[in-house]
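Summary of structural features
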Amino acid sequence: MTSNRITPATGGPTLNDFTGDSFLRRAGRQLVVTLYGAMRVIRLYPPENEAVRNALDELATTARTILEKEGELECRASSEFIFVNSTRLRLDLDNYASFSQILSTLRACGVGSFRVLPEARSRDWLVFLSLLMAEAKAGNELTTGELLGKLEGAGVTSFDLGPQQHADDSDFQERAKEAAKRTYAQSVAVTRDVINSVRMGQAPSIRKIKRVVQGIVDQILNEETSLLGLTTIRDYDEYTFTHSVNVCIFSVALGRRLGLSKLQLYDLGLAALFHDLGKSRVPLSVLNKTDGLTDDDWRWLAAHPWLGVLALFHMRGQQELPYRAMVVAVEHHMKMDLTGYPKPIRPREQSIFSRIVAVADGFDAATSRRAYQTVPMSPAAVLAGMRDNPRRGMDPVVVKGFINLLGVFPVGTLVVLDTFELAIVHASNPVPEAMSRPIVRIVSDDRGNVLYPGNLVDLTEQGPSGGYKRTIIKTDTPERYGINVGDYFV
Ligand SMILES: [Fe+2]
Ligand SMILES: [Fe+2]
């Protein structure tokens, strides 16, 4: 068995055929896979075992390939991401386990980055990884200096270690946040134009809206946390437009979790953005009513699914009709058991796109403040309802995926901590076992002083004597404390 082959023998391109960023993304991925593979076999077998030797050789070869081409190799962990020589690696479903395993091992020993020197051999990797895994398991909080000392004691000098960086001081996150804000604002503006022109009886162009959807999909494939965070703004005056954009963001992020391809995500995003297009043909006097809806008003509202199909027929500029968007428009309130509206004439099954949009729609609608809903429900309560109440008619598998995406405590939830601090959930924890320990922003100290912008903390952080530093006791409504969640995401 050869150990220096680093790409599968498919006759396809090898790593050396790529350059720059694309080389680093591929080689970095391979590094993560081989690193994870080596950690696994080291845990299972004694060092002299052949599987261990092969895995270490493969890892050392991958590292050397990067070093030869790039002249350096630094691997850095920053909150949920792994960077190789400042190129961020893409995280997707099939490398999720390796990513989170590596991130949690590094985090547990307080290592933020490691640099590999050209002389690193298989044995050095064995010592290095065994040490990290042992320290992580023991929960020892050594400094990087102490770790380096231990390596040196074992005769290994081919690694350099850097300390952990705080989650929010990375440049990358700032840039990602800016990009997300631009995408969001632009999406709302274009959606507003389209909905208003339908309302005025014009036929809007579909081309502009397609670009918006592409922007959202690309942003989510690149870095989803920032865009998901922006859905919490939920502007009351702009509800119609922000709702469409939010449902699009949630649907695309959810579709991605469920394994849809990029092209499918474009289709899904378009359908999600247009799911309520029919409402632009419902009189504003009905949409803006706060109470006392008459039978006629209800008839108007219940007509929006098929009014949406009609509106989609009138879109300009498409080669073909947005067929899937029409299906979603008509099906998104039907429910899995078809007890919703409109009532289908023949038996049918809600399409997967419709089931995804129904979950995204149900969540955004219930957590927003609208004309007839002055106090929205807490995001956690809404998720629990969708999961546990069969009458909501949601697809359990899709709901499960959604809870996985948002965490048990979705982004934007206000939580009370056992330290008497208040915090807002910023991102779900990248480690799957830590779903109940998200990354949060502390927005009020233990005496009730409001903090702005407030620090980000990871709830898996442990104190010097073991045990978690902070734990969520319960969720609460931000209104009770005069906190506006959206302020912390702009
Ligand atoms: Fe709807
Ligand atoms: Fe909706």
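Preceding this paragraph is the structure being described.
Presented here is an overview of the structure given in this document. Everything numeric in this text was worked out from a predicted model, so none of it was measured. (Residues numbered from 1 in each chain as written. Chains lettered and ligands numbered in written order. Predicted model: local features only at pLDDT ≥ 70, side-chain atom pairs only at ≥ 80, totals over all residues. Heavy atoms only, no water.)

Our next topic: the pattern of salt bridges. Under the counting rule described, the total for this entry stands at 20 salt bridges. Close ionic contact of Lys 181 with Glu 178 constitutes a salt bridge, the shortest N to O distance being 3.4 Å. Of this pair, Lys 181 and Glu 178 are both found in helix H6 (residues 171–199), three residues apart, which corresponds to roughly one turn of the helix. For Lys 181, a relative accessible area of 28% puts it in the partly exposed group. A salt bridge links Arg 387 to Asp 388; the shortest N-O distance between them is 2.9 Å. By sharing partners, the salt bridges in this structure join Glu 224, Arg 256 and Arg 257 into a single network. (Salt bridge = Lys/Arg side-chain N within 4 Å of Asp/Glu carboxyl O. Helix = DSSP H or I, 4+ residues; strand = E, 2+ residues; numbered from the N terminus. Buried < 20%, exposed > 50% of the residue type's maximum accessible area, 1.4 Å probe, protein only.)

The next point concerns the coordination of the iron ion (ligand 2). Six octahedrally arranged donors around a metal ideally form angles of 90 or 180 degrees; four tetrahedrally arranged donors ideally form angles of 109.5 degrees. Within the protein, the atoms that donate to the iron ion (ligand 2) are His 243 (NE2), His 275 (NE2), Asp 276 (OD) and Asp 361 (OD), at distances of 2.1 to 2.3 Å. Taken together, the four donor atoms coordinating the iron ion (ligand 2) and their angles of 76 to 176° define a geometry best described as irregular. Written as a sequence motif, the donor residues of the iron ion (ligand 2) are H-x31-H-D-x84-D. Between the iron ion (ligand 2) and the iron ion (ligand 1), a spacing of 3.7 Å is present, and a bridge between the two is formed by Asp 276. Taken together, the positions of Asp 276 in the loop between helix H10 (262–273) and helix H11 (284–287) and Asp 361 in helix H15 (residues 352–367) put the pair 85 residues apart, joining distant regions of the chain. (Donors = N, O, S within 2.8 Å, 3.2 Å for Na, K, Ca; no water. Tetrahedral: all angles 85-135°; square planar, octahedral: opposite > 155°, others 65-115°.)

What follows is about the packing of aromatic side chains. Overall, the coordinates contain nine aromatic pairs when judged by the stated rule. Taking 6.1 Å as the distance between ring centres and 70° as the angle between the ring planes, the aromatic pair formed by Trp 125 and Phe 128 counts as edge-to-face. Highlighted residues: Trp 125 and Phe 128, both in helix H4 (residues 122–138), separated by three residues, approximately one helical turn. An identical accessibility class is assigned to Trp 125 and Phe 128; each is buried. Their ring planes at 15° and their centres at 4.1 Å tell us that Phe 128 and Phe 159 sit as a pair that is stacked. Taken together, the positions of Phe 128 in helix H4 and Phe 159 in strand E5 (residues 159–163) put the pair 31 residues apart, joining distant regions of the chain. (Phe/Tyr/Trp six-rings, centres within 6.5 Å; stacked < 30°, edge-to-face > 60°.)

A separate point is the sheet that holds strand E4 (residues 111–116). Ordered by their spatial adjacency, five strands build an open sheet running E3-E2-E1-E4-E5, and the pairing between neighbours is antiparallel. Two strands lie at the open edges of the sheet, namely strand E3 (87–88) and E5, each paired on one side alone. Pairing analysis gives two bridges linking strand E2 (residues 81–84) to E3, with the strands arranged antiparallel. Bridged to Phe 83 within E3 is Arg 88. (Pairing = 2+ DSSP bridges.)

Turning our eyes to something else, we now look at the coordination of the iron ion (ligand 1). Coordination of the iron ion (ligand 1) by the protein is provided by Asp 276 (OD), His 304 (NE2), His 332 (NE2) and His 333 (NE2), with metal-donor distances spanning 2.1 to 2.3 Å. Taken in chain order, the donor set of the iron ion (ligand 1) reads D-x27-H-x27-H-H.

This part takes up H15. Along an α-helix, residues three or four positions apart point the same way, because every turn accommodates 3.6 residues. Its 16 residues place the ends of H15 23 Å apart at the C-alpha level, agreeing with the 22 Å of an ideal helix rising 1.5 Å per residue. Burial analysis of H15 places 15 of its 16 residues in the buried class, the great majority of the element. (Expected span 1.5 Å × (residues − 1).)

The subject of this paragraph is the packing of helix H12 (residues 295–302) against helix H13 (residues 304–313). Look at H12 against H13: their axes get within 5 Å of each other, and the N-to-C directions meet at 45°. Classified by the interaxial angle, the pair formed by H12 and H13 is oblique. Contacts from Trp 300, Leu 301 and Ala 302 of H12 reach H13 at His 304, Pro 305 and Leu 307. Of the residues belonging to the contact of H12 with H13, the class tally is five nonpolar, one polar and no charged. (Axes fitted to C-alpha atoms, helices over the stretch in contact; angles between N-to-C directions. Parallel < 35°, antiparallel > 145°, perpendicular 65-115°, else oblique. Contact = heavy atoms within 4.5 Å. Nonpolar A, V, L, I, M, F, W, Y, C, P; charged D, E, K, R; others polar.)

Let us look at helix H17 (residues 396–406). Every buried residue of H17 is accounted for by Val 398, Val 399, Gly 401, Phe 402, Ile 403, Leu 405 and Leu 406. Looking at the buried residues of H17, the elements they touch are helix H8 (224–230), helix H9 (239–257), H15 and helix H16 (379–388). The N-cap of H17, judged by a side-chain oxygen 2.9 Å from the amide nitrogen of Val 397 a few residues on, is Asp 395. Positive backbone phi, approximately 85°, marks Gly 407, located one or two places after H17. (Polar contact = N/O pair within 3.5 Å; in protein donor to acceptor, adjacent residues only side chain to side chain.)

It is worth spelling out the nonpolar core at this point. With 62 residues, the main nonpolar core has Phe 274, Leu 277, Met 386 and Phe 402 as its most contacted residues. Here this core takes nine residues from H9, the largest share from any one element. Setting aside residues up to four positions removed in sequence, Phe 274 forms contacts with Val 194, Ile 206, Ile 209, Leu 312 and Met 315. Counting residues in hydrophobic clusters, the runner-up holds 47 residues, among them Leu 31, Ala 77, Val 84 and Ile 102. (Core = buried A, V, L, I, M, F, W, Y, C linked by side-chain atoms within 4.5 Å.)

Before going further, it helps to examine unusual backbone geometry. Cis geometry is adopted by the peptide bond preceding Pro 342, which originates at Tyr 341 and carries an omega value of -10°. Along the chain, Pro 342 turns up in the loop between helix H14 (323–331) and H15. Along the chain, Tyr 452 connects to Pro 453 via a cis peptide bond; the corresponding omega equals 0°. Residue position: Pro 453 is located in the loop between strand E8 (439–444) and strand E9 (456–458). At Leu 338, a residue that is not glycine, the phi angle is positive and equals roughly 60°. Within the fold, Leu 338 resides in the loop between H14 and H15. Of note in the backbone geometry, Phe 420 takes a positive phi value of approximately 70° without being a glycine. Structurally, Phe 420 can be placed in the loop between strand E6 (414–417) and strand E7 (422–427).

Geometric descriptors of this kind do not, in isolation, establish any biological role.
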